Amino acid sequence: NFYILRRFGNMAIKDIGFRDITLFITSLTCSAKRINNILVPMRSLFQYAMDAGIIEKNPFSRVRNQKVVKPEIHPLSMDEVSAFLNFVPPLYKNFFVVAFFTGMRFGEMAALDWRHVDFERGLIRITKTRVNGEEGSPKTKKSFRDIKMMPPVIDALKDQKKLIAGKSDYVFLNHYGRPLHPHSVNLHVWQPTLIKAGLVRRSLYQTRHTFATLMLDSGELPGWVQQMMGHVSLQMILEKYYSYIKNYQRDDGNSFMENVFQRSVKQNVAVTQP
């Protein structure tokens with residue numbers, strides 16, 4: 001509605017040519033990835049018109065996707081995670097514990113309700129996401145998944161349940177008792193806490209990268225990390241985080257708990273004790 005129909009809404013599809021499409025692409029000021037996403041429905045529509053005999057030639061056959069530069073990964077170390085959690089406002093501490101130690105997407109956490117938190121089985125069931133204030137299906141089929149809750153996640157969610165105390169079906173809420181919005185959390189919580197903790201500023205999405213790198217660096221299986229994060233293929237894990245993969249010994253989160261989390265907790269306790 002915002003991009004395609006505004007430009008081509010009053011044109012017959014047979015009158016839209018290669019030059020019109022390329023001029024449209026060059027007029028867009030958003031990122032290459034966003035441009036490619038905008039073109040997806042146009043490609044489908046022109047292909048349908050071609051198959052149905054409405055047009056004789058498909059101008060999109062010569063339109064290539066924009067080259068997308070993969071963003072760099074700036075995950076937090078376990079010590080940096082601990083420092084962040086020491087400075088984050090109490091209302092959001094449980095949210096970030098879950099984010100760091102499950103790899104869930106922000107939208108999945110914003111849409112999470114208590115019906116899909118199974119303490120008995122130790123699982124979080126991902127069935128929906130929240131984007132731009134609207135709830136819908138997760139990003140891909142693989143995004144429908146069960147996430148194993150490690151001990152810190154279980155503790156955080158049990159504490160969160162006490163804090164919410166029946167106020168809402170949603171697990172995480174803002175100061176106004178409403179579902180979380182990424183821009184607000186990033187601007188008012190994430191970035192200020194990074195500064196207070198003396199950490200380098202980075203995007204909110206780095207909580208997800210942090211989970212992946214912590215797990216792989218502690219020896220968890222890439223396949224387990226893939227399942228937890230809901231990636232479509234193992235190749236995505238290998239391409240993004242190859243340098244963090246040390247070995248292939250475990251697949252249940254215990255390696256991370258034993259080698260990274262508990263060690264960091266002990267060190268922090270030793271530092272804070274007089």
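For every chain, the first residue of the written sequence is number 1, and numbering continues from 1 onward in sequence order. Note on the predicted model: pLDDT of at least 70 is required for a residue's local features to be given, and 80 or more for side-chain atom pairs to be given and counted; whole-chain, interface and lining totals, by contrast, use all residues. Computation of side-chain values: all heavy atoms of the structure, hydrogens and water removed.

For the protein chain, the helix and strand inventory stands at 12 helices and five strands. Its C-alpha atoms give the protein chain principal-axis dimensions of about 75 × 45 × 40 Å. For the protein chain, the residues scored as buried account for 43% of the 274 residues in total. Contacts are assigned to residue pairs with any non-hydrogen atoms lying within 4.5 Å of each other. The long-range share in the protein chain, meaning contacts at least 24 apart out of those at least 6 apart in sequence, stands at 62%. To qualify as a helix, a DSSP run of H or I must reach at least 4 residues; to qualify as a strand, a run of E must reach at least 2; elements of each kind are numbered from the N terminus. Here's how the labels work: a residue is buried when its accessible area is under 20% of the maximum for its type, exposed when over 50%, partly exposed in between, all with a 1.4 Å probe on protein chains only.

The next thing to look at is the environment of I21. Within the element layout of this structure, I21 appears in helix α2 (residues 18–27). Of the residues examined, I21 reaches a relative accessible area of 0% and is grouped as buried. C-alpha separation for the pair I21 and P222, spaced 201 residues apart in sequence, amounts to 41 Å. When residues no more than four places from it in sequence are discounted, the contact partners of I21 are F8, I16, M42, P59, F60 and V63.

Cavity and pocket criteria rest on a 1 Å grid covering protein atoms alone: a 1.4 Å probe that fits but cannot get out defines a cavity, protein on both sides within 12 Å along at least 5 of 7 lines defines an open pocket, and an atom within 4 Å of a point defines a lining residue. Grid points are joined across faces, edges and corners, and a volume is the space filled by probe spheres set on the points. Throughout the structure, instances matching the rule amount to one cavity of 30 Å³ or more. Considering only enclosed or pocket space, the largest cavity measures out at about 40 Å³ in volume. Around the largest cavity, the lining residues are E108, A111, L112, D113, H116, R125, I126, T127 and K128. Those elements that provide at least two residues to the lining of the largest cavity are α6 (106–111) and β2 (123–126).

Quick look at the pattern of salt bridges now. Here, a salt bridge means any side-chain nitrogen of Lys or Arg that lies within 4 Å of a carboxyl oxygen of Asp or Glu. For the structure on display, the rule yields eight salt bridges. A salt bridge links E108 to R145, with the shortest nitrogen-to-oxygen separation between them at 2.8 Å. With a gap of 37 residues between them, E108 in helix α6 and R145 in strand β5 (residues 145–148) connect regions that are remote in the sequence. Residue classification places E108 among the buried positions, given a relative accessible area of 2%. For R145, a relative accessible area of 5% corresponds to the buried category. Within this structure, D113, R115, K128, R130 and E135 form a network of salt bridges that share partners.

Backbone hydrogen bonds hold the strands of a sheet together, and the pairing may be parallel or antiparallel. At least two bridges found by DSSP between two strands are what make those strands a pair. Read across the sheet, three strands follow the order β1-β2-β5 without closing on themselves; strand pairing throughout is antiparallel. Looking at which strands have only one partner, the edges of the open sheet turn out to be β1 (117–118) and β5. Sheet analysis places β1 next to β2, joined by two bridges and oriented antiparallel. Among the inter-strand pairings, V117 is bridged to a residue of β2, identified as I124.

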